[in-house]
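As a plain string of letters, each chain reads:
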Amino acid sequence: MRIDVVSIFPTIFDALEVSLLGKARQSGLLDIRVHDLRDYTHDRHRTVDDTPYGGGAGMVMKPEPWGAALDDIVSEVDDRPLIVFPSPAGERFTQAIARELSTAPRIVFGCGRYEGIDERVFDYAAERGDVRLLSLGDYVLNGGEVAVMAMVEAIGRLVPGVVGNPESLVEESHEDGLLEYPSYTKPAVWREREVPPVLLSGNHGAVAAWRREQQVQRTRERRPDLLAD
């Protein structure tokens with residue numbers, strides 16, 4: 001999978017060099033390329049924003065640098081890529097969407113800042129690829145970089161071969177619509193706190209039933225909306 005990221009703060013994505021995603025990049029499973037939006041400006045101040053038409057607080061990202069960036073990055077492939085813009089006005093990013101996107105051969109992420117990106121950029125991007133606006137949740141961040149980092153990790157770890165044991169992906173939170181069950185390791189007693197006896201029983205059927213019960217209970221207590229869905 002190839003992932004391109006456009007941002008005015010490209011060094012934020014240096015974190016993708018570590019852990020599983022870093023190993024996936026080194027092995028060639030993930031081809032992640034980060035582009036500085038300011039490289040597509042043409043004035044000495046490398047300006048990427050301007051005041052909004054109609055007035056209002058804050059600044060809006062100019063369409064010209066975005067258009068030039070998309071022209072450059074998208075032209076490198078024949079097929080239409082998926083182009084994702086993090087946005088509080090987008091559809092909610094979920095594990096199901098992460099799994100769907102993990103099958104895409106090419107994704108381009110655009111990180112907005114300030115009061116957002118000129119709306120015409122989304123229209124133009126739709127001519128060059130398949131556009132999706134995605135939101136991490138019902139809150140606002142300073143920019144799209146943190147959201148893209150989260151999405152890249154959620155998507156990238158689902159690419160076959162990135163996680164060493166694929167079975168570990170099956171029982172995670174949200175994979176089956178429920179939260180994950182609690183996990184324990186040695187020692188069996190730690191600071192007077194004991195591991196649930198069923199996990200020490202060796203009865204795999206009882207363990208599976210206990211874990212499922214814990215999933216439902218946790219979901220009911222912490223995310224009842226998932227049960228409603």
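Structure's up top.
Only a predicted model underlies this, so the values are computations on that prediction, with no experimental measurement involved.

Scoring rules and cut-offs
Residues numbered from 1 in each chain as written. Predicted model: local features only at pLDDT ≥ 70, side-chain atom pairs only at ≥ 80, totals over all residues. Heavy atoms only, no water. Helix = DSSP H or I, 4+ residues; strand = E, 2+ residues; numbered from the N terminus. Buried < 20%, exposed > 50% of the residue type's maximum accessible area, 1.4 Å probe, protein only. Contact = heavy atoms within 4.5 Å. Pairing = 2+ DSSP bridges. Axes fitted to C-alpha atoms, helices over the stretch in contact; angles between N-to-C directions. Arc of directions from axis to C-beta. Core = buried A, V, L, I, M, F, W, Y, C linked by side-chain atoms within 4.5 Å.

Draft legend 1. Here's a closer look at the side chain of Glu145. Note that Glu145 resides in helix α5 (residues 145-156). With relative accessibility at 0%, the residue Glu145 sits in the buried group. With residues near it in sequence (within four places) discarded, Glu145 still touches Ser7, Ile8, Phe9, Ile12, Phe13, Cys111, Gly112 and Arg113.

Draft legend 2. Region of interest: the sheet that holds strand β6 (residues 106-110). Here we have 5 strands laid out as an open sheet, ordered β2-β1-β6-β5-β7, and parallel in their pairing. Every other strand in the sheet has two partners, leaving β2 (31-36) and β7 (130-135) as the edge strands with one partner each. Averaged over all pairs of adjacent strands, the angle between their axes in this sheet comes to 30°, without regard to strand direction.

Draft legend 3. Representation of helix α4 (residues 119-128) in the model. Among the residues of α4, Val121, Phe122 and Ala125 are the ones counted as buried. Buried residues of α4 fall within an arc of 100° about the axis and therefore sit on the same side. Turned more than 90 degrees away from the buried face of α4, the exposed residues are Glu119, Arg120 and Glu127. Buried residues along α4 sit in contact with α2 (63-74), β5 (82-92) and β7.

Draft legend 4. Quick peek at the nonpolar core. Formed by 29 residues in total, the largest nonpolar core has its most connected members in Ile107, Phe109 and Ile155. For this core, the secondary structure elements donating two or more residues are β1 (2-7), α1 (19-27), β5, α3 (95-101), β6 and α5. Ranked by residues supplied to this core, first place goes to α5 with 6 residues. Residues contacting Phe109, with those up to four places away along its chain left out, are Ile3, Asp4, Val5, Val6, Val84, Val148, Met151, Val152 and Ile155. By size, the runner-up hydrophobic cluster in this structure holds 18 residues, among which are Val6, Tyr40, Phe85 and Val108.

Draft legend 5. Here's a closer look at unusual backbone geometry. Here the residue pair Lys186 and Pro187 is connected by a cis peptide bond, since its omega of 5° sits within 30 degrees of zero. Inspection of the secondary structure assignment puts Pro187 in the loop between α5 and β8 (189-190). Unusually for a residue other than glycine, Ser19 sits at a positive phi of about 60°. For Tyr114, which is not glycine, the phi dihedral falls at a positive 60°. On the secondary structure map, Tyr114 appears in the loop between β6 and α4.

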